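Residue-level structure breakdown
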Amino acid sequence: MSLLALLLTMLVALLHVYFLVLEMFLWTRPLGLKTFRNTPQKAETTRVLAANQGLYNGFLAAGIIAGLALGQPVLVTFSLVCVVVAGAYGAWSVSPRIFPIQAVPAILALVLRAL
């Protein structure tokens, strides 16, 4: 695997750790409200759902990190494909702006890993 592919794969994992923090811990705080364009009322109402979603983002990051640490490229690839699917579904069901933020880096990492 090239250094660029490794760095991009690690970036995807770090992004998902960041998403975990945003959704689990900062959802009702100013950064979370601004990032997700929520009102304080809506954020409070959806806080538990967001925390659950954040946990899943953490699992995506964990799959990538574990796959890299254990030298298991199939686990890394599977986790990146899951990120792409989650990003595509989020773009379709929530906001198109999710696709370039979540799915595109994972797609690029997959392409670079395949080369």
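Structural notes, computed from the coordinates. (Residues numbered from 1 in each chain as written. Predicted model: local features only at pLDDT ≥ 70, side-chain atom pairs only at ≥ 80, totals over all residues. Heavy atoms only, no water.)

1. Focus: the layout of surface pockets
Stated formally: Throughout, the protein atoms alone are placed on a 1 Å grid, and a set of points is a cavity if a 1.4 Å probe fits but cannot get out or a pocket if it is open with protein on both sides within 12 Å along at least five of seven lines; lining residues have an atom within 4 Å of a point. Grid points are joined across faces, edges and corners, and a volume is the space filled by probe spheres set on the points. Secondary structure elements follow DSSP: runs of H or I no shorter than four residues count as helices, runs of E no shorter than two count as strands, and numbering proceeds from the N terminus. Amino acids outside the nonpolar list (Ala, Val, Leu, Ile, Met, Phe, Trp, Tyr, Cys, Pro) and the charged list (Asp, Glu, Lys, Arg) are all regarded as polar, and Gly is one of them.
The computed volume of the largest pocket comes to approximately 830 Å³. Around the largest pocket sit 27 residues that line it, and E23, F36, Q53, V94 and I98 are the ones nearest its centre. For the lining of the largest pocket, the secondary structure elements donating two or more residues are α1 (3-25), α2 (30-36), α3 (40-70), α4 (73-93) and α5 (98-114). It is α3 that contributes the most residues to the lining of the largest pocket, eight residues altogether. Across the lining of the largest pocket, the residue classes break down as 14 nonpolar, nine polar and four charged.

2. Thoughts on the environment of L15
Stated formally: The buried label goes to any residue with under 20% of its type's maximum accessible area, the exposed label to any with over 50%, and the partly exposed label to all in between, with areas taken from a 1.4 Å probe on protein chains only. What makes two residues a contact is simply this: any of their non-hydrogen atoms within 4.5 Å.
Note that L15 resides in helix α1. The exposure class of L15 is partly exposed, given its relative accessible area of 22%. Residues L15 and G58, 43 residues apart in the sequence, show an inter-C-alpha distance of 9.6 Å. Ignoring sequence-local partners within four residues, the contact set of L15 consists of I101 and P105.

3. Section: the environment of E23
The condition is simple: We define a polar contact as two N or O atoms separated by no more than 3.5 Å, with the added condition that, inside protein, one atom must be a possible hydrogen donor and the other a possible acceptor, whereas residues neighbouring each other in sequence contribute only through side-chain atom pairs.
Note on placement: E23 falls in helix α1. Along the chain, E23 and V74 lie 51 residues apart, while their C-alpha atoms are 28 Å from each other. Those residues in contact with E23 that lie beyond four places of it in its chain are F36, A50, A51, Q53, G54 and N57. Polar side-chain contacts of E23 include one of 3.1 Å to the backbone nitrogen of G54.

4. Focus: the packing of aromatic side chains
As a reminder of what qualifies: In this scheme Phe, Tyr and Trp rings, the latter by its six-membered ring, pair at centre separations within 6.5 Å, and the angle between planes marks the pair as stacked below 30 degrees, edge-to-face above 60, and tilted otherwise.
Summed over the entire model, instances satisfying the criterion amount to four aromatic pairs. Between Y56 and F59 the ring centres are 6.2 Å apart and the planes differ by 80°, which places this aromatic pair in the edge-to-face class. Of this pair, Y56 and F59 both sit in helix α3, three residues apart, roughly one helical turn. Here Y89 and W92 contribute two aromatic rings whose centre-to-centre distance is 5.7 Å and whose plane-to-plane angle is 45°, an arrangement assigned as tilted. A residue pair is termed a helical-turn pair when its members lie 3 or 4 positions apart in one helix, as Y89 and W92 do in helix α4 at three residues. Considered together, Y89 and W92 belong to a single accessibility category, that of exposed residues.

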